[in-house]
4 protein chains.
Amino acid sequence: MVTKLALLGAGRIGRVHARAIAQDKRAKLVCVVDAVADAAKSIADSTGCAVSTIDAVEADGNIDAVIICTPTNTHADLIERFSMAGKAIFCEKPIDLDVARARACAETVSKTGAKVMLGFNRRFDPHFRAVRKAIDDGRIGDVEMVTIISRDPGPPPADYIKVSGGIFRDMTIHDFDMARFLLREEIASVMASGSVLVDPKIRALGDYDSASVILTTASGRQCVISNSRRASYGYDQRIEVHGSLGSIAAENQRPVSIELATKEGFTRPPLHDFFMTRYTAAYAAEISVFIDSLETGSAPSPSVEDGLAALALADAALRSVREQKIIPV
Amino acid sequence: MVTKLALLGAGRIGRVHARAIAQDKRAKLVCVVDAVADAAKSIADSTGCAVSTIDAVEADGNIDAVIICTPTNTHADLIERFSMAGKAIFCEKPIDLDVARARACAETVSKTGAKVMLGFNRRFDPHFRAVRKAIDDGRIGDVEMVTIISRDPGPPPADYIKVSGGIFRDMTIHDFDMARFLLREEIASVMASGSVLVDPKIRALGDYDSASVILTTASGRQCVISNSRRASYGYDQRIEVHGSLGSIAAENQRPVSIELATKEGFTRPPLHDFFMTRYTAAYAAEISVFIDSLETGSAPSPSVEDGLAALALADAALRSVREQKIIPV
Amino acid sequence: MVTKLALLGAGRIGRVHARAIAQDKRAKLVCVVDAVADAAKSIADSTGCAVSTIDAVEADGNIDAVIICTPTNTHADLIERFSMAGKAIFCEKPIDLDVARARACAETVSKTGAKVMLGFNRRFDPHFRAVRKAIDDGRIGDVEMVTIISRDPGPPPADYIKVSGGIFRDMTIHDFDMARFLLREEIASVMASGSVLVDPKIRALGDYDSASVILTTASGRQCVISNSRRASYGYDQRIEVHGSLGSIAAENQRPVSIELATKEGFTRPPLHDFFMTRYTAAYAAEISVFIDSLETGSAPSPSVEDGLAALALADAALRSVREQKIIPV
Amino acid sequence: MVTKLALLGAGRIGRVHARAIAQDKRAKLVCVVDAVADAAKSIADSTGCAVSTIDAVEADGNIDAVIICTPTNTHADLIERFSMAGKAIFCEKPIDLDVARARACAETVSKTGAKVMLGFNRRFDPHFRAVRKAIDDGRIGDVEMVTIISRDPGPPPADYIKVSGGIFRDMTIHDFDMARFLLREEIASVMASGSVLVDPKIRALGDYDSASVILTTASGRQCVISNSRRASYGYDQRIEVHGSLGSIAAENQRPVSIELATKEGFTRPPLHDFFMTRYTAAYAAEISVFIDSLETGSAPSPSVEDGLAALALADAALRSVREQKIIPV
C-alpha cells in the first residue's frame with residue numbers, strides 16, 4: 001500500500017523533500033500547498049502532483065500524512081490542526097521558537113495520539129548514523145564526552161536572523177539534538193559563552209555569532225559544542241564521541257576528494273558549501289524513515305518531545321550567556 | 001525536445017543506466033530489450049517503458065538512440081547495425097575482444113557517420129574529473145608521470161573469466177583509457193608483467209590475476225599501472241598525476257567517513273565494495289554527457305577510436321607478458 | 001662563552017633536561033643535585049658532570065643558572081633562594097599549587113630582577129609553534145575561537161593525584177597556558193564542568209578525571225578545553241585555532257606513520273604513549289630557548305607571570321565546578 | 001667494552017655518522033680522516049677525536065672498525081684494504097659503480113671473512129621497518145606486489161650526475177634494495193622506462209631524470225618503482241606492500257603536522273626537503289645496528305651481497321632502457 005502525502009510549503013526545503021518522496025516507491029506525493037502560487041506550481045509540474053490548499057488537504061480523507069515545510073511561526077498551528085485531523089505529520093524543526101507554545105502543541109499531539117516526526121536531519125546523515133551505530137555496538141565502551149564543532153560558511157542575512165530566534169534556537173539546536181542523540185542521557189546543566197566576532201550587525205539584533213556550550217548530564221557525561229557563523233573553508237560539521245574504550249569521530253565532508261601537492265604544500269578542496277549539499281543523503285533518509293514508521297506503526301523518532309528538549313536547552317544556553325550563570329535544566 | 005532512448009540489455013549495468021535516464025529530464029526511455037523476458041519486464045515495470053525487440057527498435061523511426069548493455073560478443077554487431085539504422089549509440093566497453101573485429105566496426109561507424117560513445121565510466125567520476133580539470137588548469141604544469149593503482153575486491157567467477165578476454169582486456173582496459181585521458185599523448189611502447197598470485201584456477205584458464213604495466217609516450221611521459229584481482233579492504237581505485245609543478249591525486253572512496261580510535265589504533269572503514277557503489281555518480285554523469293552530445297551535436301567522447309586505442313594497449317600488454325618483450329605500439 | 005648550569009632534581013624530567021643540555025654546545029652541565037644519591041650519580045656518570053648540593057650550587061659563583069626539576073612543593077622556595085643568589089632559573093611548572101604562595105614568589109623574583117623561565121614545554125613543540133607562527137603571519141586573520149583536546153593515556157597513581165593539586169592545576173594548566181599563548185588576550189571568565197567517569201578512586205580523593213572548560217576574553221574570544229585522564233589510543237594532544245580567514249590545526253602525533261588496510265578497514269597505529277615521547281623535541285627546544293634568552297639578555301618566556309596566570313585560571317575552573325558558577329577572572 | 005671507530009671521510013654524510021656515534025655509548029670515535037684538512041678538523045673539534053690518516057688507521061691495532069664515507073670511487077679499494085687489515089667495515093653504498101669491480105671486492109671480503117655492512121639507510125627508517133615488521137608478523141598475508149614512489153625535490157648538479165653512475169645506480173639503487181628487503185625473494189626480470197622530462201642537460205650527460213621500473217620474481221611477485229628527479233612538494237618517499245590479506249603503506253613525512261583551512265582549501269606543509277632531514281632517525285639507527293652486529297657477532301646486514309644485488313638490478317634496468325628489452329637477471 002502506498003502512503004499518500006501532502007507537502008505544505010514549496011520553498012527550498014520543500015523541494016528537497018518532494019525529490020526524496022519521488023524516489024521512494026512506498027510513498028506518493030498527492031498535492032502541494034504554498035501561499036506563493038508559482039512555487040507550488042513548480043513542484044506540481046516536476047512531480048506530477050496537484051496544487052491544493054490547507055483546507056482541502058485537511059478535508060481529504062485520502063491523504064495519510066503531511067510534510068510541513070512552512071515558515072517556523074506556522075509549525076505549531078499546523079501540527080495541532082493536522083493532529084486533530086488524524087493525519088500523520090513530518091514537520092521541520094523547530095516546533096516553535098517559544099517553548100511554552102511548543103509545549104502546548106506537544107500536549108495537543110499527545111491527546112490526539114497523532115504520529116509526529118520532527119525534522120532533525122542530521123540524525124539521518126550516514127556518517128553520524130555510523131557513529132551512533134559504533135556506540136550502540138559497544139565499540140567505544142561507555143560514552144563519556146561528546147565534542148561537536150559546527151560552523152556555518154557565513155552569517156545569514158539580517159532579515160533571517162530577526163525571525164530566527166537567535167543562534168541557540170536556530171543553529172545550536174541541531175547540536176543540542178545531536179548531543180542528546182549521542183549521549184543518550186538527559187542534560188542536567190547548561191553553561192554557555194556567546195559573543196559577536198563576525199558581524200557587528202548581529203550584535204545590533206541582540207544575537208551572537210560565536211558560541212561555546214558545555215552540557216553536563218546527571219551522571220557527569222559532558223558535551224562541548226563550538227559554533228561560529230563563519231568558516232572560510234566551508235560547512236564545518238564534526239562530531240567526536242569519547243568513551244571508556246576509545247573514540248569515534250565523523251570527519252568533514254567535501255564534494256571531491258582530491259589532493260594537490262605543490263611547493264605551497266598539500267591541498268584538499270574546501271568542504272561542502274552548506275547544508276543542502278552536505279546533508280543530501282540525510283534529507284532523503286529522513287523521509288524514508290518517516291514512511292517506515294508509518295508502515296510499521298512504530299513511534300516516529302525524533303519525536304515532538306525531542307524537539308521540546310532541544311528547545312529547552314537552547315533557552316537555557318541563552319539564559320546562561322545573558323545572566324552569566326550555569327543553568328540547571 | 002526530449003531524446004527517445006531504447007535500452008538493449010536489462011542486466012545489472014542496464015538497470016544502472018535505466019535509473020540514470022529516469023533522472024534526466026531531457027531523455028525518455030521508450031523501451032527495453034532483453035533475451036530474458038523477466039529482466040526486461042522488471043525494468044519496464046519500474047520505469048514505465050515498453051518491452052520491445054531489436055528488430056522493432058531498429059525499425060522505429062521515433063527512437064533517437066540506443067544504449068547497448070548486452071554481452072560483449074554482441075557489441076560490434078549491434079553498433080554496426082544501429083549505425084546503419086541511423087541511431088545514435090551509447091555502448092558499454094569494449095567494442096569487441098578482437099582488435100581486428102573492433103577495427104572493422106570502427107570503420108563502419110566512420111562510414112555511416114553515426115554518433116557512438118563508449119562507456120568508459122571512470123572518465124565521468126567526479127574525483128577523476130577534478131584531477132583532469134586541475135591538469136587542464138595548469139595546476140601541476142606539464143604532465144610527466146601517471147600512477148594508477150586499480151584492484152578489485154576479489155576475482156570474478158571462472159565463467160566470467162573465460163569470456164572476459166583476460167585481465168588486460170577486461171580490467172586493465174579501464175586503466176589504459178584513464179592513462180590516455182590523463183597523459184593526453186598517444187602511447188609509444190608497452191611493457192608488462194603478469195602472474196597468478198591470487199587463484200590457481202586463473203592460471204588454468206590462461207589468464208593472470210596480478211599485473212604491472214609501464215606505458216611510455218613518444219616524448220617520454222610514463223604511466224605505471226598496478227592491478228590485482230584481490231584487495232581485502234575493498235575496491236582500490238587510485239590515480240596520481242605528477243607534473244613539473246606538482247602532483248594531483250584522487251583518493252580512495254568509502255561509504256562512510258568515520259574513524260574509530262582504540263588501543264589497536266585509528267581505523268577507518270573499508271572502501272566501497274565494488275564498481276556499482278564506487279562509480280554511482282560516474283554512471284549517472286556519463287549518460288548525461290551522452291545526452292549533452294546529442295543535444296549539442298558535439299562529437300561523443302570517449303569515442304570508438306578511444307575504445308580501439310585502449311584495446312590495442314591491452315593486446316600489447318598481453319604480448320609483452322607472453323613474449324617477454326617491450327612492445328612498440 | 002659557555003653557560004654553566006646546575007641541575008636540581010635528577011628524576012625523569014631531570015634526565016630529559018640533562019640530555020638536552022648535552023646537545024647544546026652553548027651550555028655545560030657543571031653539576032647535578034638530588035636527595036637520592038643514585039639518581040644524581042647516574043646523571044653525573046652519563047654526562048661527566050659532578051654531584052653537588054643545593055648549598056654548594058648557591059655558593060658557586062661560577063654557575064650561571066639552575067634548572068629546577070625537584071618536586072612541586074620545593075619550586076617556590078628554590079626560585080626565591082636562587083633569585084636572591086643571582087642565578088638565572090629555569091623551573092618546571094607550576095611555581096606552587098597555592099596561588100598566594102606563587103604570587104609571593106613572583107614578587108621576590110620581581111624584586112631581585114632574576115631571570116626566571118617557566119617550563120611550559122608545549123609552547124616549544126614544533127607543531128604548536130607552527131600553529132602560532134601561522135597566526136602571527138596572519139594566515140587565519142583575527143583569532144576567534146580556540147579548541148584544545150588534551151587527554152592522558154591513563155590516570156596517574158593515587159599517590160600522585162594526592163599531591164597534584166587536582167586535574168585543573170596538574171593537567172589543564174598546560175591547556176590554560178596554551179589558550180593564553182594562542183588567544184593573546186587575557187581571560188575574563190571561566191566556566192567548567194568536572195566529573196569522575198574514569199576511576200571512582202579519583203572521586204574519593206576529591207578530584208575529577210573528566211573536565212570541560214570554556215574561557216572567554218574581554219573581547220569575546222572563546223577557548224574550549226576538553227580533558228580526560230583516559231584515552232585508550234594514546235596521548236591525545238590536539239589544538240585548533242579558528243579565525244576570521246580560516247583555521248589552523250595541529251594534528252596528533254604517532255611514533256610511526258604507517259597504515260594497514262585489511263577487511264577490517266584502514267588502521268594507523270596508536271599515538272605516542274605519553275609526554276616523554278610526544279614532547280621530546282619540545283623539551284630539547286625549551287632548554288635551547290632558555291640559553292638563548294641568557295645569551296641575548298632577552299626576557300625569559302614563558303615567565304613567572306605566565307605561570308601565575310595559568311594557575312589563577314586553574315583555581316577559577318575548580319571554583320566554577322564546585323560552586324556551579326561562572327567565575328570572572 | 002667500547003667499540004673504537006675511525007671515520008674515513010668528513011663530508012656531509014660523515015658528519016651525520018659522527019653525530020650518531022657520539023650518541024651511542026657503546027662506541028667511541030677515535031679519529032677522523034679526510035683529504036680536506038678543515039673538514040676533518042671540524043669533526044675532530046666537535047667530537048673530541050683525533051685527526052688521522054688512512055695509513056695510521058690501518059696500522060692502529062686499537063681501532064676495531066672503520067666507517068667509510070669517502071667518494072664512491074674509493075669504496076672498493078678501502079673495503080678491500082681494511083678487510084685485509086682485519087677491521088670491521090661500515091661503508092656507504094655503493095661498493096662501486098662497476099659491477100665487476102664490486103664483485104671482485106665482494107670476493108676479497110669473503111676470503112678475509114671481514115664483517116662488512118653496506119649503508120642502505122632506508123632499511124633503518126622507523127616507518128619502513130614498521131612496514132617490514134607488519135609483513136613479518138603476517139598482517140598482510142603473502143606478499144604479492146610492492147609499489148615504491150621515490151622522487152627527489154630537484155635534480156643534482158651536473159658535476160654530481162657525471163660521476164653518479166646514472167639515475168639507476170645512484171637513485172633507484174635504494175629502491176632496488178627496498179624491493180629486495182620487502183619482497184624477500186630474488187628478482188628474476190627487470191623492465192624499465194627512462195626519459196628526460198626535467199632537465200635537458202641530463203640528456204646531454206647520457207642520463208635520465210624520470211624512470212619507471214617493474215621487477216618480477218621467479219614466483220611472479222611484482223614491484224613497481226616510480227622515480228623522478230623533481231618534486232615541487234619535497235622529498236617524496238612512499239612504500240606500499242600489497243598481500244593476500246591486505247596492504248601496508250608508509251606515508252610521506254613532513255617536518256610539522258599542521259593543517260591550514262581557508263577558502264582555498266585544507267593545506268598541509270610540504271614534505272621534508274631531502275634525505276638529511278627525512279632520514280635522520282634512519283642514519284642514527286643504522287650505526288647502532290652496525291655496533292649491535294659487532295657486539296653480538298651476528299652477520300652485518302645489509303651485506304656486501306645485498307650491495308651487489310642492487311647494483312646488478314641497476315645495470316639491468318639501464319640495459320632495459322637502452323636496448324628496449326626485458327632483462328632476465
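Please read all numbers here as calculations on a predicted model, not as lab measurements. (Residues numbered from 1 in each chain as written. Chains lettered and ligands numbered in written order. Predicted model: local features only at pLDDT ≥ 70, side-chain atom pairs only at ≥ 80, totals over all residues. Heavy atoms only, no water.)

Enquirer: Would you explain the overall build of chain A in this entry?
Expert: When helices and strands are tallied, chain A shows 12 helices and 15 strands. For chain A, the spread of C-alpha atoms along the principal axes amounts to about 55 × 50 × 45 Å. For chain A, the proportion of its 329 residues judged to be buried stands at 62%. In chain A, 72% of the contacts between residues at least 6 apart in sequence involve partners at least 24 apart. As displayed, chain A offers around 12,200 Å² of accessible surface, 53% of which is attributable to carbon and sulfur atoms. Between the averaged position of the 39 positive side-chain charges in chain A and that of its 42 negative side-chain charges there is a distance of 2 Å. (Helix = DSSP H or I, 4+ residues; strand = E, 2+ residues; numbered from the N terminus. Buried < 20%, exposed > 50% of the residue type's maximum accessible area, 1.4 Å probe, protein only. Contact = heavy atoms within 4.5 Å. Areas by Shrake-Rupley, 256 points an atom, 1.4 Å probe, with all protein chains shown as cover. Lys, Arg positive; Asp, Glu negative; His and termini not counted. Charge placed at Lys NZ, Arg CZ, Asp CG, Glu CD.)

Enquirer: In this structure, what is going on with the interface of chain C and chain D? I would like to understand it.
Expert: Interfaces are often sized by the accessible area lost when the parts come together. Taken together, the contacts link 26 residues of chain C with 26 residues of chain D. Summed over both partners, the interface of chain C with chain D buries about 1,900 Å², with 57% contributed by carbon and sulfur atoms. Contact with chain D buries surface across chain C, with S257, I258 and L260 of chain C losing the most and accounting together for 27% of the total. For the pair chain C and chain D, the interface holds 0 salt bridges. Summed over the shared surface of chain C and chain D, the number is 10 residue pairs in polar contact (both at pLDDT 80 or more). Those elements giving two or more residues to the side of chain C that touches chain D turn out to be α6 (126–136), β12 (247–250) and β13 (258–262) of chain C. No other element matches β13 of chain C, which puts 5 residues into the side of chain C that touches chain D. (Buried area = accessible area lost by both parts, 1.4 Å probe. Salt bridge = Lys/Arg side-chain N within 4 Å of Asp/Glu carboxyl O. Polar contact = N/O pair within 3.5 Å; in protein donor to acceptor, adjacent residues only side chain to side chain.)

Enquirer: I would appreciate a short explanation of the relation of the copies chain C and chain A in the present structure.
Expert: The relation between the two copies of this chain is a rotation about an axis and a shift parallel to it. Take chain C, turn it by 180 degrees, move it 0.0 Å along the axis, and it overlays chain A with an RMSD of 0.1 Å. Viewed as a symmetry operation, the transformation between the two copies matches a two-fold axis. Relative to the rotation axis, the closest C-alpha in chain C is found at K325 of chain C, a distance of 2.9 Å. (Least-squares fit on C-alpha atoms with pLDDT ≥ 70 in both.)

Enquirer: Please clarify how the packing of helix α9 (residues 172–183) of chain D against helix α13 (residues 304–323) of chain D should be interpreted in this entry.
Expert: Residue and element names in this part refer to chain D. Contact geometry for α9 and α13: axes closest at 9 Å, N-to-C directions at 120 degrees. With respect to their mutual orientation, α9 and α13 come out oblique. In the packing of α9 onto α13, the handedness of the crossing is right-handed. Listed contacts from α13 to I173, F176, D177 and R180 of α9 are D306, A309, A310, L311, L313, A314 and A317. Looking at the contact of α9 with α13 residue by residue, the classes come out as 8 nonpolar, no polar and 3 charged. (Axes fitted to C-alpha atoms, helices over the stretch in contact; angles between N-to-C directions. Parallel < 35°, antiparallel > 145°, perpendicular 65-115°, else oblique. Left-handed = near helix turned anticlockwise from the far one by under 90°. Nonpolar A, V, L, I, M, F, W, Y, C, P; charged D, E, K, R; others polar.)

Enquirer: Is there a simple way to think about the UniProt feature "domain: Gfo/Idh/MocA-like oxidoreductase N-terminal" (unreviewed entry) in chain A in this case?
Expert: As recorded in UniProt, the feature "domain: Gfo/Idh/MocA-like oxidoreductase N-terminal" (unreviewed entry) lies at residues 4–120 of chain A. What you have in residues 4–120 of chain A is 44% helix and 23% strand, and the ends, taken at the C-alpha atoms, are 22 Å apart. (UniProt positions renumbered as here; feature names shortened; annotations may be inferred.)

Enquirer: Explanation requested: the relation of the copies chain C and chain D in the structure shown.
Expert: Taken as rigid bodies, chain C and chain D are interconverted by a rotation of 180 degrees and an axial shift of 0.0 Å, the fit giving an RMSD of 0.0 Å. Looking at chain C, 100% of its interface residues are interface residues in chain D too, so the copies touch through the same face.

Enquirer: When you look at the domain arrangement of chain A in this model, what are you seeing that I'm missing?
Expert: Residues and elements named next belong to chain A. Under the domain assignment used here, chain A contains domain 1 (3–114) and domain 2 (123–282 + 309–328). Measuring from the centre of the C-alpha atoms in domain 1 to the corresponding centre in domain 2 gives 27 Å. Taken residue by residue, the interface counts 9 residues in domain 1 and 12 residues in domain 2. Regarding the contact of domain 1 and domain 2, the summed buried area is about 810 Å², with carbon and sulfur atoms giving 70% of it. At the boundary of domain 1 and domain 2, one finds 0 salt bridges. Run the count over domain 1 and domain 2 and you get 2 residue pairs in polar contact (both at pLDDT 80 or more). Among the elements of the structure, α1 (12–22) and α5 (99–112) are those that each provide at least two residues to the side of domain 1 that touches domain 2. Per-class residue counts for the side of domain 1 that touches domain 2 are 5 nonpolar, no polar and 4 charged. (Domains from an automatic or database assignment.)

Enquirer: Sorry if this is basic, but what is going on with the interface of chain C and chain A here?
Expert: Between chain C and chain A, the contact holds 42 residues from the first and 42 residues from the second. In this assembly, chain C packs against chain A so that about 3,000 Å² is buried in total across both faces, 53% of it on carbon and sulfur atoms. For the pair chain C and chain A, the interface holds 6 salt bridges. Across the pair E240 of chain A and R238 of chain C runs a salt bridge, and its minimum N-O distance is 2.7 Å. At the boundary of chain C with chain A, the tally comes to 24 residue pairs in polar contact (both at pLDDT 80 or more).

Enquirer: What should I look at first to understand the pattern of salt bridges in this one?
Expert: A full pass over the atoms with the stated rule returns 120 salt bridges over all chains. Residue R151 of chain B is joined to D236 of chain B by a salt bridge in which the shortest nitrogen-to-oxygen separation is 3.6 Å. Of the two residues, R151 of chain B sits in strand β7 (residues 143–151) while D236 of chain B sits in strand β11 (residues 236–243), which places them 85 residues apart along the sequence. Members of the salt-bridge network, linked through shared partners, are R123, D177, R180, E186 and D306 of chain A.

Enquirer: For this particular structure, what's the right way to read unusual backbone geometry?
Expert: The omega torsion across S301 of chain A and P302 of chain A is 5 degrees, close enough to zero to call that bond cis. The omega torsion across K93 of chain B and P94 of chain B is -5 degrees, close enough to zero to call that bond cis. Within the secondary structure, P94 of chain B sits in the loop between β5 (88–92) and α5 (99–112). With a phi angle near 55 degrees, R184 of chain A is a residue other than glycine that sits in the positive phi range. Mapped onto the elements, R184 of chain A comes out in the loop between α8 (167–183) and β8 (187–195). Exposure remark for R184 of chain A: the relative accessible area of 52% places this residue in the exposed category.

Enquirer: Can you walk me through the UniProt feature "domain: GFO/IDH/MocA-like oxidoreductase" (unreviewed entry) in chain A in this structure?
Expert: In the UniProt entry, the feature "domain: GFO/IDH/MocA-like oxidoreductase" (unreviewed entry) is given for residues 128–248 of chain A. Between the C-alpha atoms that bound residues 128–248 of chain A there is a distance of 10 Å. The span itself is 31% helix and 36% strand.

Enquirer: Just checking my understanding: could you explain the environment of H174 of chain B for this structure?
Expert: Residue and element names in this part refer to chain B. On the secondary structure map, H174 appears in helix α8 (residues 167–183). Sequence separation between H174 and D236 is 62 residues, and the spatial gap between their C-alpha atoms is 13 Å. Setting aside residues up to four positions removed in sequence, H174 forms contacts with K93, F120, N121 and R122.

Enquirer: Explanation requested: the sheet that holds strand β6 (residues 116–119) of chain B in the structure shown.
Expert: Across a sheet, paired strands are connected by hydrogen bonds in the backbone, their directions being either parallel or antiparallel. All names here are of chain B. On the basis of which strands lie adjacent, the open sheet formed by 6 strands has the order β3-β2-β1-β4-β5-β6 and parallel pairing. In the strand order of this sheet, the two ends are held by β3 (50–51) and β6, each with one partner. In this sheet, strand β4 (residues 65–68) lies alongside strand β1 (residues 3–8) in parallel orientation, the contact comprising 4 bridges. Within β4, the residue paired with A6 across the bridge is V66. Lying on the sheet, helix α4 (residues 75–84) is in contact with β1, β4, β5 and β6; it crosses β5 at an angle near 175 degrees. (Pairing = 2+ DSSP bridges.)

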